[in-house]
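As a plain string of letters, each chain reads:
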Amino acid sequence: MDDNFFDQLKIKLKEKGYKLTTQRRVILDVILENNGRHLSPEEIYDSVRDKYPEIGLATVYRTLQLFEQLNIIYKLNFNDGCSRYELSSASNDHQHHHLICLNCGKVLEVELDLLENLESEIEKQKNFRVLDHNVKFFGYCKDCK
């Protein structure tokens, strides 16, 4: 990730009264290095601890909560009993969809948004302004089917 990303992040944190501390930077580095892997807080903690052994799990949880509030990361629930995180998209577009294998737990991302027409119909018929949607498809990946 380029320095411009971190400069924007510093500005976003500063506007809300926070700093990009070493702990926050290391946590963000782990999320960036594992982009697309949908890590749990414990997986993030384990990776962060390799680089910054003195960090505590509570610090990781608080930082993830802060990053989520600032729309830096997005919390996902794949119905497997734990939250997972990914970077929020740079644009304010909808979240992408996920394919979740019921056998091995692998998560694949679907970048195309097939529901824009459906959203328009909902808005017209129900007079309801849709801001976002979250779709999960459950099934079996190519290795498990």
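An account of the accompanying structure is given in this report.

About the criteria used
Residues numbered from 1 in each chain as written. Predicted model: local features only at pLDDT ≥ 70, side-chain atom pairs only at ≥ 80, totals over all residues. Heavy atoms only, no water. Helix = DSSP H or I, 4+ residues; strand = E, 2+ residues; numbered from the N terminus. Buried < 20%, exposed > 50% of the residue type's maximum accessible area, 1.4 Å probe, protein only. Contact = heavy atoms within 4.5 Å. Areas by Shrake-Rupley, 256 points an atom, 1.4 Å probe, with all protein chains shown as cover. Expected span 1.5 Å × (residues − 1). Polar contact = N/O pair within 3.5 Å; in protein donor to acceptor, adjacent residues only side chain to side chain. Arc of directions from axis to C-beta. Axes fitted to C-alpha atoms, helices over the stretch in contact; angles between N-to-C directions. Parallel < 35°, antiparallel > 145°, perpendicular 65-115°, else oblique. Left-handed = near helix turned anticlockwise from the far one by under 90°. Nonpolar A, V, L, I, M, F, W, Y, C, P; charged D, E, K, R; others polar.

Before going further, it helps to spend a moment on the overall build of the chain. If you tally the helices and strands in the chain, you get five helices and five strands. Ordering the α and β elements of the chain from the N terminus gives α-α-α-α-β-β-β-β-α-β. When each of the 145 residues of the chain is scored for burial, the buried share is 35%. A separation of at least 24 residues holds for 48% of the contacts in the chain among residues at least 6 apart in sequence. Accessible surface, the chain as shown: approximately 9,600 Å² in total, 47% of it carbon and sulfur.

Here we take up helix α2 (residues 22–33). If you check α2, its first and last C-alpha atoms are 16 Å apart, about what twelve residues at 1.5 Å a residue would give, namely 16 Å. Within the sequence span of α2, burial applies to Arg 24, Val 26, Ile 27, Leu 28, Val 30, Ile 31 and Leu 32.

Take the environment of Glu 86 next. Here Glu 86 is to be found in strand β2 (residues 83–87). As for Glu 86 and Leu 76, which are separated by ten residues in sequence, their C-alpha atoms are 7.7 Å apart. In this structure the side chain of Glu 86 is engaged in a polar contact, spanning 3.0 Å, whose partner is the side chain of His 38.

Another point: helix α3 (residues 41–51). When we look at burial in α3, the residues that qualify are Pro 41, Ile 44, Tyr 45 and Val 48. Buried residues in α3, looked at end-on, bunch into an arc of 100°, giving them a common side. Contacts from the buried residues of α3 go to α2, α4 (57–69) and β2.

Let us look at the packing of α3 against α4. The N-to-C vectors of α3 and α4 enclose an angle of 120°; their axes lie 10 Å apart at closest approach. For the element pair α3 / α4, the angle class is oblique. Here α3 runs over α4; the crossing is right-handed. Contacts between α3 and α4 pair Pro 41, Glu 42, Ile 44 and Tyr 45 from the former with Leu 57, Val 60, Tyr 61 and Leu 64 from the latter. Of the residues contributing to the contact of α3 with α4, the split by class is seven nonpolar, no polar and one charged.

Okay, the packing of α2 against α3 next. Close contact between α2 and α3 brings their axes to 9 Å; oriented N to C, the two are set at 120°. Accordingly, the angle class assigned to the pair α2 and α3 is oblique. Handedness of the α2/α3 crossing: right-handed. Contact residues: Val 26, Ile 27, Asp 29, Val 30, Ile 31 and Glu 33 in α2; Ile 44, Ser 47, Val 48 and Lys 51 in α3. Looking at the contact of α2 with α3 residue by residue, the classes come out as six nonpolar, one polar and three charged.

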